[in-house]
Amino acid sequence: VSHGIMTYSDKEAFAQAVVAGDVRSAARLMRLADDREPLARDLLSLLFPHTGRAHIVGITGNPGAGKSSLVDNLITSWRGRGLSVGVVAVDPSSPFSGGAVLGDRIRMMRHATDPGVFIRSLATRGALGGLSRSAGDIATVMDAMGLDRVLIETVGVGQDEVDVVRMAHTTVVVMVPGLGDEIQILKAGILEIADIFAVNKADKPGADRLAMELQSVQHLGTDQRHIPIVRTVATAQEGIEELVDAIETHAGLLRSSGELQERDARRLTQAVFQLVHEAVDADLTELFDRLNKENAIIDELLSRRSAPATVAQRLLELINKI
Ligand SMILES: Nc1nc2c(ncn2[C@@H]2O[C@H](COP(=O)(O)OP(=O)(O)O)[C@@H](O)[C@H]2O)c(=O)[nH]1
Ligand SMILES: [Mg+2]
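Residues numbered from 1 in each chain as written. Chains lettered and ligands numbered in written order. Predicted model: local features only at pLDDT ≥ 70, side-chain atom pairs only at ≥ 80, totals over all residues. Heavy atoms only, no water.

J.: Which residues make up the site of ligand 1, and what are the values?
T.: Around ligand 1, the surrounding shell holds 17 residues, and the nearest of these are Gly64, Lys67, Ser68, Ser69 and Asp203. Between Gly66 and ligand 1, the recorded distance is 2.9 Å, taken from a backbone N or O atom to an oxygen atom. The side chain of Ser69 places a nitrogen or oxygen atom 2.6 Å from an oxygen atom of ligand 1. A total of 580 Å² of accessible area belongs to ligand 1 in isolation, and the protein chains cover 73% of it. Top element by residues in the shell around ligand 1 is helix α4 (residues 67–80). It accounts for three residues. Counted by class, the shell around ligand 1 contains four nonpolar, seven polar and six charged residues. (Near = heavy atom within 4 Å. Polar contact = N/O pair within 3.5 Å; in protein donor to acceptor, adjacent residues only side chain to side chain. Areas by Shrake-Rupley, 256 points an atom, 1.4 Å probe, with all protein chains shown as cover. Helix = DSSP H or I, 4+ residues; strand = E, 2+ residues; numbered from the N terminus. Nonpolar A, V, L, I, M, F, W, Y, C, P; charged D, E, K, R; others polar.)

J.: Account for the coordination of the magnesium ion (ligand 2), with residues named and values stated.
T.: Around the magnesium ion (ligand 2), the protein contributes the donor atoms Ser68 (OG) and Glu153 (OE), at 2.1 to 2.2 Å from the metal centre. Taken as a pair, Ser68 in helix α4 and Glu153 in strand β4 (residues 149–153) lie far apart in primary sequence, 85 residues in all. Judged by relative accessible area, Ser68 falls into the buried class, the value being 7%. Residue Glu153 is classed as buried on the basis of its relative accessible area of 6%. (Donors = N, O, S within 2.8 Å, 3.2 Å for Na, K, Ca; no water. Buried < 20%, exposed > 50% of the residue type's maximum accessible area, 1.4 Å probe, protein only.)

J.: Which residues make up the packing of helix α1 (residues 8–19) against helix α3 (residues 38–47), and what values go with them?
T.: At a minimum axis distance of 9 Å, the contact between α1 and α3 shows a crossing angle of 60 degrees. The angle between α1 and α3 places the two elements in the oblique class. For the pair α1 and α3, the crossing hand works out as right-handed. Seen from α1, the contacting residues are Tyr8, Lys11, Glu12, Phe14, Ala15, Val18 and Val19; seen from α3, they are Leu39, Asp42, Leu43, Leu46 and Leu47. Tallied by class, residues from the contact of α1 with α3 come to nine nonpolar, no polar and three charged. (Axes fitted to C-alpha atoms, helices over the stretch in contact; angles between N-to-C directions. Parallel < 35°, antiparallel > 145°, perpendicular 65-115°, else oblique. Left-handed = near helix turned anticlockwise from the far one by under 90°. Contact = heavy atoms within 4.5 Å.)

J.: Would you mind going over the nonpolar core in detail, with residue names and values included?
T.: One finds Val18, Leu29, Leu47, Val88, Val141, Met142 and Ile152 to be the most contacted residues of the largest nonpolar core, which totals 35 residues. Those elements giving two or more residues to this core turn out to be α1, α2 (23–34), α3, β2 (85–91), β3 (117–123), α6 (130–145) and β4. Looking at which element gives the most residues to this core, the answer is α6, with eight residues. With residues up to four places along the chain from it excluded, the contact list for Val88 reads Arg120, Leu122, Ala135, Ile138, Ala139, Met142, Val150, Leu151, Ile152 and Glu153. Residues Val87, Val176, Ile196 and Ala234 belong to the second largest nonpolar core, which totals 25 residues. (Core = buried A, V, L, I, M, F, W, Y, C linked by side-chain atoms within 4.5 Å.)

J.: How would you explain unusual backbone geometry if you had to name every residue and give the values?
T.: Positive phi outside glycine occurs at Lys201, with the angle close to 60 degrees. Along the chain, Lys201 falls in the loop between β6 (196–199) and α10 (207–217). Positive phi outside glycine occurs at Gln237, with the angle close to 55 degrees. Assignment of secondary structure puts Gln237 in the loop between β7 (229–231) and α11 (240–257).

J.: A description of α11 should follow, citing residues and the corresponding values.
T.: Because the α-helix completes a turn every 3.6 residues, residues three or four places apart line up on one side. Here α11 contains 18 residues, and its C-alpha end-to-end distance of 26 Å stays within 8% of the 26 Å for a straight helix at 1.5 Å per residue. Listed in full, the buried residues belonging to α11 are Ile240, Leu243, Val244, Ala246, Ile247, His250, Ala251 and Leu254. The buried side chains of α11 occupy one side of the element, clustering within an arc of 155 degrees when seen end-on. Exposed positions of α11 whose direction lies more than 90 degrees from the buried face are Leu253, Ser256 and Ser257. (Expected span 1.5 Å × (residues − 1). Arc of directions from axis to C-beta.)

So this is what it looks like as structure tokens:
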């Protein structure tokens, strides 16, 4: 796709359209960001002053725990409270496993015609940090569009997911009875990132035991935070209002304690770090290619006149001058 040459005022008009809530412009920007188009970076920077209003909620937990079903219900509840909702659904890995996304789309389809709801699926990428960067960019666009709540649903509970939920203000960890989840939770370091536990499929045996176990593992965490535990049956719309209340209460606590600013600072510095990381990575690759073509330097190395550390030192001095 060619985007031609966009002047600054073209870009401003584009960004303005997104801020005004234009769905087509927003969707186009999300695609550009996903494709790592340089234009996306300019547009996201123009949007930045218009962000910082949405409350971003991460929903994580094992595949099949009922995250999408809960998200579907959370949308309904928030809409009932007069709030608009954006959803970033992170799809398991590749374009090859489109099934889950399709299922999610069908389930959430009833919200598709609601102008107060914006749902976007996202394929995970191989690149380090690529997933959280894309999810973060999309959440930024949704925030700028004026959506009040942005949900980020992750696939599982691995390191990628931990990175993704770092982008959230409030993180809900979805657990289900009968899987021995609580051990996995401790392993994956999920306890540290959980702000709320949803014990979903509470219609199944073992929900009480799981809730009790979660209550007791809380004390094993490094900090002694109180993590609310909410029982839900997503398929029967049970416990949903309680879950939304818990999220809203957490949001309020973050605001009144000043921790919201702390979390925002963490989110934003992570975004900066990712961009620097990507840029440095690209620069180093280019430098390495150039070095391999510098016959003089290669000769020095081959003839043992310069040690690798000496050449490295010289290159670092060069980089410092940039
Ligand atoms: N019995 C029961 N089944 C549920 C509940 N919530 C979700 N499910 C079912 O669990 C399956 C996986 O749900 P899904 O929302 O796709 O899970 P995800 O992979 O975590 O997004 C679906 O068949 C749902 O209908 C619940 O509370 N009780
Ligand atoms: Mg799902």
